[in-house]
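Reading the structure
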Amino acid sequence: MADMQQSMVEFERNRAQLMSVSTQKQQLELQSEALNQALEELKTTKEEKAYKAVGNIMIQKPAKDLLKELDEQKDSVELRIKTMQKQEDILIDKLNKLKSVLEKSQQGSAQGALEPLQ
């Protein structure tokens, strides 16, 4: 009984962690999309200079420099998304195993309770 309760606590903890990781991954995916749009805009512009938001101010920089910065940011975000995906996959696997253990425990308890009735 204590093992089942411990498994249930672990299941809930992993489920909450999965939700957190999924939310973080979604935020990173949105950030990646915004970076892609900015990169596309910079690639198609004929302007040699563009503006970059730094805190509450805008700074004018060469478009090539901004393109390089955004490309590096995009690579970093993509790497973080892959890491989050791996964490998500690991947590899903753990949850499936715990679910299986819990279902077997419940079936065993249910069968044990029904046996004396037969």
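Cut-off values and rules
Residues numbered from 1 in each chain as written. Predicted model: local features only at pLDDT ≥ 70, side-chain atom pairs only at ≥ 80, totals over all residues. Heavy atoms only, no water. Salt bridge = Lys/Arg side-chain N within 4 Å of Asp/Glu carboxyl O. Helix = DSSP H or I, 4+ residues; strand = E, 2+ residues; numbered from the N terminus. Buried < 20%, exposed > 50% of the residue type's maximum accessible area, 1.4 Å probe, protein only. Patch = residues over 30% accessible without salt bridge, like charges linked within 9 Å, V, L, I, M, F, W, Y side chains within 5 Å. Areas by Shrake-Rupley, 256 points an atom, 1.4 Å probe, with all protein chains shown as cover. pLDDT = per-residue confidence, 0-100. Contact = heavy atoms within 4.5 Å. Core = buried A, V, L, I, M, F, W, Y, C linked by side-chain atoms within 4.5 Å. Pairing = 2+ DSSP bridges.

1. Examining the pattern of salt bridges
A complete count under the given rule lists five salt bridges for this structure. Lys52 is the salt-bridge partner of Glu69, the closest N and O atoms lying 2.6 Å from each other. Of this pair, Glu69 sits in helix α2 (residues 63-114) while Lys52 sits in strand β1 (residues 49-54), placing them 17 residues apart in sequence. The partly exposed category is assigned to Glu69, whose relative accessible area is 22%. Where salt bridges share partners, they join Lys52, Lys61 and Glu69 into one cluster.

2. Here's the deal with a nonpolar patch on the surface
Taken together, the side chains of Val54, Ile57 and Ile59 make up a nonpolar region of the molecular surface, amounting to roughly 230 Å² of accessible area. Mapping Ile59 onto the fold places it in strand β2 (residues 57-62).

3. Some details on the confidence of the model for the protein chain
For the protein chain, the mean per-residue pLDDT works out to 90, and 90% of the residues sit at or above 70. Mean pLDDT values for the elements of the protein chain range from 89 in α2 up to 96 in β2. In this model, residues 113-118 is a region of pLDDT below 50 whose contacts with residues beyond four sequence positions or in other chains number zero contacts.

4. Let's talk about the environment of Ala63
Note on placement: Ala63 falls in helix α2. Among the residues examined, Ala63 registers a relative accessible area of 9% and is labelled buried. Residues Ala63 and Lys46 lie 17 residues apart in sequence; the distance between their C-alpha atoms is 9.2 Å. Residues in contact with Ala63, not counting those within four places in the same chain, are Leu42, Glu47, Glu48, Lys49 and Ala50.

5. What to know about the nonpolar core
Core analysis: the biggest nonpolar cluster contains 19 residues, and Phe11, Leu28, Leu42, Leu70 and Val77 have the highest contact counts within it. Residue assignment for this core shows that the elements contributing at least two residues are α1 (2-44) and α2. Broken down by element, this core gets its largest block of residues, 10 residues, from α2. If near-sequence neighbours (up to four positions away) are discounted, Leu28 is found in contact with Val77, Arg80, Ile81 and Met84.

6. Re the pairing of β1
Bridge count for β1 against β2 is six bridges, and the pairing is antiparallel. Paired with Lys49 across the bridge in β2 is Pro62. The loop that links β1 with its antiparallel partner β2 comprises two residues; one of these, Gly55, has a positive phi angle of about 65 degrees.

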